[in-house]
Amino acid sequence: MNSAFGPVATTGIEGTSEESAFLGRTEQRLRYYVPGGLVLTVAGVMLLASLPSHTAHLLGAIAVLLGLCFIWSGVQWTMWVLPRAHRALMVAPVDLSLDRWCLPRRYKSWETRLHPVGSSEGEGARFGRSQLPSRRYMKAKNLPVRVYGEPKRGAVVVASSPDGMIVGVISRSSLATGSGS
């Protein structure tokens, strides 16, 4: 089967080398999150316990909070999201369009949606907070993407295009694919 990106991987073959390489680079980078988070947490606790100044307490509290966030992110991505992303690459991809933009708010600042090609109406599928793009500030409007994995609620998908890739968890979906939704 072919698409706008060239030959498409068939079921049982793990995606293309670009998607697999992106997931591999991501795993390499994330493997330092848990040990780094542990170091930050321990350093923060030591600051809290040993120095009496308010500045030391503030820095210690920030270090503990950041360390726990690093640990949580590392565990979430390496133990749950990335293994499911590798399995998603085993599924034949679907051609969809991707919209991604930044919102000026603290919680879930990036909004990412998938919808059928040529359709700008309706939501299709929406990514949740767990998103990892290949480019830090990747914005898109009606970008044609090849989506590995079924874009249904709770599923991990890999959206790939020549402009970049995004791995994420679908939080809401009204897309119906061949295997149901």
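Scroll up for the structure.
Residues numbered from 1 in each chain as written. Predicted model: local features only at pLDDT ≥ 70, side-chain atom pairs only at ≥ 80, totals over all residues. Heavy atoms only, no water.

(A) Focus on helix α2 (residues 33–50). An ideal rise of 1.5 Å per residue puts 26 Å on 18 residues; α2 measures up with 25 Å between its terminal C-alpha atoms. Along α2, the residues that are buried comprise Gly-37, Thr-41 and Gly-44. Take α2 and look down its axis: the buried residues cluster within an arc of 65 degrees, on one side only. Those residues of α2 that are exposed and angled more than 90 degrees off the buried face are Val-39, Met-46, Ala-49 and Ser-50. Residues of α2 that are buried in the fold lie against α3 (54–88). (Helix = DSSP H or I, 4+ residues; strand = E, 2+ residues; numbered from the N terminus. Expected span 1.5 Å × (residues − 1). Buried < 20%, exposed > 50% of the residue type's maximum accessible area, 1.4 Å probe, protein only. Arc of directions from axis to C-beta. Contact = heavy atoms within 4.5 Å.)

(B) Here's a closer look at the sheet that holds strand β6 (residues 140–148). Here six strands make up a closed barrel; going around it, the order is β3-β4-β5-β8-β7-β6 and the pairing antiparallel. In this sheet, neighbouring strand axes are inclined to one another by 45 degrees on average, regardless of whether the strands run parallel or antiparallel. Sheet analysis places β6 next to strand β7 (residues 156–161), joined by three bridges and oriented antiparallel. Bridging from a neighbouring strand, Tyr-148 pairs with Val-158 of β7. (Pairing = 2+ DSSP bridges. Axes fitted to C-alpha atoms, helices over the stretch in contact; angles between N-to-C directions.)

(C) A look at α3. Taking 1.5 Å as the rise per residue, α3 with 35 residues should run 51 Å; its terminal C-alpha atoms sit 49 Å apart, in good agreement. Roughly 40 degrees is the biggest bend found in α3, and it falls at Trp-77. (Bend = angle between axes of the 7 residues up to and from the residue.)

(D) Inspection of a nonpolar patch on the surface at higher detail. Side chains of Leu-58, Ile-62, Leu-66 and Phe-70 sit close together on the surface and give an oily, nonpolar patch of about 350 Å² of accessible area. Mapping Ile-62 onto the fold places it in helix α3. (Patch = residues over 30% accessible without salt bridge, like charges linked within 9 Å, V, L, I, M, F, W, Y side chains within 5 Å. Areas by Shrake-Rupley, 256 points an atom, 1.4 Å probe, with all protein chains shown as cover. Salt bridge = Lys/Arg side-chain N within 4 Å of Asp/Glu carboxyl O.)

(E) Summary view of the layout of surface pockets. A volume near 1100 Å³ is recorded for the largest pocket. Contributing to the lining of the largest pocket are 22 residues, with Ser-73, Trp-77, Arg-129, Gln-131 and Leu-132 lying nearest its centre. Going through the elements one at a time, α1 (17–30), α3 and β5 (125–133) are the ones with two or more residues in the lining of the largest pocket. (1 Å grid on protein atoms, 1.4 Å probe; cavity = no way out; pocket = protein on both sides within 12 Å on 5 of 7 lines; lining within 4 Å. Points joined across faces, edges and corners; volume = space filled by probe spheres on them.)

(F) Region of interest: the pattern of salt bridges. In total, this model carries two salt bridges according to the counting rule given. Two residues, Arg-113 and Glu-111, come together in a salt bridge whose shortest N-O distance is 3.6 Å. Residue classification places Arg-113 among the partly exposed positions, given a relative accessible area of 23%. When the shortest N-O distance is used, the salt bridge between Arg-126 and Glu-111 registers 2.9 Å. Of the two residues, Arg-126 is situated in strand β5 and Glu-111 in strand β4 (residues 110–116); the sequence distance between them amounts to 15 residues. Owing to a relative accessible area of 4%, Glu-111 belongs among the buried residues under this scheme. It is possible to trace a salt-bridge network through shared partners that takes in Glu-111, Arg-113 and Arg-126.

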